[in-house]
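Here are the chains, one letter per residue:
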Amino acid sequence: GTFEAKIHALDRFGRELPGFPYQPDDAVWSSAALYDIDGDGRMEIFVGSGSTGGGPQPHMGGTMFALDWQNGHVVTMWRRNLAESLDASPAMGDVNGDGRIDVVTTTSWAFLNHDSRSVFAWDARSGAPLAGFPVDTGAVTVGSPALGDVNGDGHPDIVVGSWDGHARAYDGHGRKLWDVNPFVGTGLPTQKIEGSPVIADVDGNGTLDVVMPTNMGAYVLNGRTGARLAGPLDVHWSMQSSPAVGVLGGQYRLVLSGFAYGYPYAESDPRAVGHVFVHDLVAPGVPAPWPMWRRVAARLGAPPSGGHPWPPYQCAPNTNPAAHPNPTTAGAGYRVVYRNAAVRSFGTTPALAPLAHGPGANVVAAAGTADGKGAWLATASAVYPLGSAQRYAAMPHLSSPVTAIAAMPAGNGYWTALGDGGVFGFGAARFYGSAYGRAHAPVLAIAATPSGHGYWLLAADGGVFGFGDAHFYGSAFGKIHGLALAIASSPTGRGYWIESSDGSVLTFGDAPYYGAVSRLGFCTAPVSVGLSRSLDGKGYTALTSAGQVYGFGDASRWGVIATTSVNPAVAVLPVK
């Protein structure tokens, strides 16, 4: 964060990441905590800022931001406005023991109100305040909190210092564990505490202690009781930073830093000479949960997380059943058909010669031949054969545009479906009935039964109409988001799959579920436009308008060619 009211994210070469800088409401003095809260392998950003009325969302006080990077954009997961500037740096851990990571912070002294005295805690995923918070410490509290299990209950506690010279510890439910003034009994006047403590086993007895910097030296406190174990260390030096505990030069040591004469001398004052102090310690009996500023050397302010990040376009886990591609039984390739009549072949599928003369209209649907060497392309008013596909009679006068086409399983004909539910058969494809006057939404898809003696029509609202030996096994009406636009028969003909434009797939009859585009975890859901069953019926291939192809079950993904909204993909055709 910067004084110019921006949050930057740079790669190792110093280049700004896509989507940054992000503009909060005002200057950012806070240091971000980083934690992968959504399990996508990328760490989210938790950081505070000031807010003095002139930012993107005018507010007087401060704001805690939870930010996520999704597909090249910074997304605000949640924000919480406070009455005080949020200049402290948040600390993260599961302080209330519910198995979820929390965000804990103090604030600043810009407005000197009730929030200046408070410790806040929120659930990191939802931003909901934890029960028992905020806690009023009773004095301005600007030093960033440290987290560690000082009371031995198995959950990290919260330790802070305040301007009244008191050090305080709270559990994850906002209950005070102890409240001490380490200056009492030293003969020294009480001084402010503005630095951030560390939590470690300083005396080597196997329990955690607290090292609290003050504006006049530092103190070592018993983690369970707050009782003073040592100090003041390096008295008359103002310590407004954070100590550090760890191995230095092969020895376990405590490092302190401060400047002479103490507050209120500024760093530029000749009398405010900086100094570093190093104290030898015995070996610790337990690991230190918060041994330095921001917990670890990477300055994360949080437990370890992340790793193996998902692709930039993925923001949620893939919850589909495991795929098991099998080109031998499912098919060795497919063709993708585009609006401009282009046909691209993938896998071992041979290319088809393009139309000698373009259709002069947009292709809306396509069907493949049984031998895998041809295809029929349908526009709103005509059908065009490619390769081995036979040419049949011209379309009659239509009451509604053609919206779908399905080939006879034997390859000797096809049906076309109209938006108003009408059906026309060509070649050996017999007419078994239509949904004209029955469908309450445009018919967008048609699927033949394995015998070729029937077909199903699918309306945009999910309604299903069966004719011939195509039996009704249920509809998607009221069960989908978006338009129902693809239907495919199960191998037996005693069931079918229905796909909607949001990529979800519903199963009916004996059609098993193999997965859906909607469950791949995309940040921005693609528009699904087609679904085709693999040759053995143990999987299916889904197509998006952008030309992306996804295999489920035993269906393989052989490749894609990116397209645009001007020329979207309209159909995917499996090939032996």
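Numbering of residues starts from 1 in each chain and follows the order in which that chain's sequence is written. Totals for whole chains, interfaces and linings use all residues, but because this is a predicted model, local features are given only for residues with pLDDT of at least 70 and pairs of side-chain atoms are given and counted only at 80 or more. Excluded from the side-chain calculation are hydrogens and water; included are all heavy atoms of the structure.

> Mind showing me how you'd approach the overall build of the protein chain here?
Looking only at helices and strands, one finds one helix and 38 strands in the protein chain. Two things to know: the radius of gyration comes from C-alpha atoms, and the globule rule equals 2.2 Å times the number of residues to the power 0.38. Whereas a compact globule of 576 residues would reach a radius of gyration of roughly 25 Å, the protein chain reaches 33 Å, over 25% beyond that. Relative accessibility decides the category of a residue: with a 1.4 Å probe and only protein chains considered, values under 20% of the type maximum give buried, values over 50% give exposed, and everything between is partly exposed. The burial tally for the protein chain puts 53% of its 576 residues in the buried class. Intrachain contacts of the protein chain at a sequence separation of at least 6 include 47% that bridge at least 24 residues. Secondary structure elements are defined from DSSP: runs of H or I of at least 4 residues count as helices, runs of E of at least 2 residues count as strands, and each element is numbered from the N terminus. Contacts are residue-level and defined by heavy atoms, with any inter-residue pair within 4.5 Å sufficient.

> Hey, could you run me through the state of the cysteines in this one?
Each disulfide consists of a covalent bond between the sulfur atoms of two cysteine residues. Criterion for a disulfide: a pair of cysteine sulfur atoms at a distance within 2.5 Å. Enumeration over the complete set of coordinates arrives at one disulfide. The disulfide that involves Cys315 links it to Cys523, with 1.8 Å between the sulfurs. In this structure, the disulfide formed by Cys315 and Cys523 twists by about 85° around the S-S bond and is classed as right-handed. Here Cys315 is found in the loop between β20 (274–280) and α1 (327–330), whereas its partner Cys523 is found in the loop between β34 (505–509) and β35 (528–533), with 208 residues between them in sequence.

> Any chance you could explain the pairing of strand β37 (residues 549–553) here in plain terms?
Of all the five residues making up β37, four are buried; the element is thus mostly covered by neighbouring parts of the structure. Where strand β36 (residues 539–544) and β37 come together, five bridges link them in antiparallel fashion. Residue pairing for β37: Thr541 is matched across the bridge by Gly551. The hairpin formed by β36 and β37 contains four residues between the paired strands, and Gly547 there has a positive phi angle of roughly 90°. In short, DSSP must find at least two bridges between two strands for them to pair.

> Got a minute to help me understand the side chain of Asn113 in this structure?
As for its placement among the helices and strands, Asn113 is situated in the loop between β6 (102–105) and β7 (118–123). Polar contact criterion, stated in full: a pair of N or O atoms within 3.5 Å, where within protein one must be able to donate a hydrogen and the other to accept it, and residues adjacent in sequence count only if both atoms are side-chain atoms. Separated by 3.0 Å, the side chain of Asn113 and the backbone nitrogen of Asp115 make a polar contact. Each residue touching Asn113, except ones within four places of it in the same chain, is listed here: Ala83 and Glu84.

> What should I look at first to understand the sheet that holds strand β23 (residues 365–368) in this one?
Two orientations exist for strands paired in a sheet by backbone hydrogen bonds: parallel and antiparallel. The antiparallel open sheet is built from three strands, whose spatial order is β23-β24-β25. Each having just a single partner strand, β23 and β25 (383–387) make up the two edges of the open sheet. Taking the axes of each pair of neighbouring strands and ignoring which way they run, one obtains an average angle of 20° across the sheet. Summarising the sheet, strand β24 (residues 374–378) and β25 pair through five bridges and their orientation is antiparallel. Bridge assignment links Leu377 to a residue of β25, and that residue is Tyr384. Here the axes come from fitting lines to C-alpha atoms, over the contacting stretch only for helices, and the angles between their N-to-C directions go from 0 to 180 degrees.

> Sorry if this is basic, but what is going on with the sheet that holds strand β3 (residues 60–70) here?
On the basis of which strands lie adjacent, the open sheet formed by four strands has the order β1-β2-β3-β4 and antiparallel pairing. Edge positions in the sheet fall to β1 (33–35) and β4 (73–82), since each has one partner strand and no second. Averaged over all pairs of adjacent strands, the angle between strand axes in this sheet comes to 30°, irrespective of strand direction. Inspection of the sheet shows β1 paired to strand β2 (residues 44–52) by three bridges, in the antiparallel sense. The residue of β2 that forms the bridge with Tyr35 is Glu44.

> It is not clear to me how the environment of Gln314 should be interpreted in this structure. Could you clarify?
For Gln314, the location among the structural elements is in the loop between β20 and α1. Overall, Gln314 belongs to the buried group, its relative accessible area being 11%. As a C-alpha pair, Gln314 and His166 span 148 residues in sequence and 47 Å in three-dimensional space. Sequence-distant contacts of Gln314, defined by excluding residues within four places in its chain, comprise Arg42, Leu520, Gly521, Phe522 and Cys523. Here the side chain of Gln314 touches Ala316 through a polar contact of 3.0 Å, landing on its backbone oxygen.

> Help me understand the packing of aromatic side chains, please; the structure alone is not making it clear to me.
Working definition: an aromatic ring pair is given by the centre-to-centre distance plus the angle between the planes. Ring pairs are drawn from Phe, Tyr and Trp, using the six-membered ring of Trp, whenever the two centres fall within 6.5 Å, and their geometry is named by plane angle: stacked under 30 degrees, edge-to-face over 60, tilted for the rest. This model, assessed by the stated rule, comprises 24 aromatic pairs. Geometrically, the ring pair formed by Trp78 and Trp122 is tilted, given 6.0 Å between the ring centres and 50° between the ring planes. Taken as a pair, Trp78 in strand β4 and Trp122 in strand β7 lie far apart in primary sequence, 44 residues in all. Relative accessible area serves as the criterion here: at 4%, Trp78 is assigned to the buried category.

> Just checking my understanding: could you explain unusual backbone geometry for this structure?
Across residues other than glycine, the phi torsion is negative in most instances, and most of the peptide bonds are trans. The amide bond that connects Phe20 to the next residue, Pro21, takes the cis arrangement and shows omega of 5°. Located in the positive-phi region is Asn71, a residue other than glycine, with phi close to 50°. Within the secondary structure, Asn71 is located in the loop between β3 and β4. For Asn71, a relative accessible area of 35% corresponds to the partly exposed category. We note that Asp234 has phi near 55°; this positive angle belongs to a residue other than glycine. Within the secondary structure, Asp234 is located in the loop between β16 (228–233) and β17 (237–238). The class for Asp234 is buried, based on a relative accessible area of 18%.

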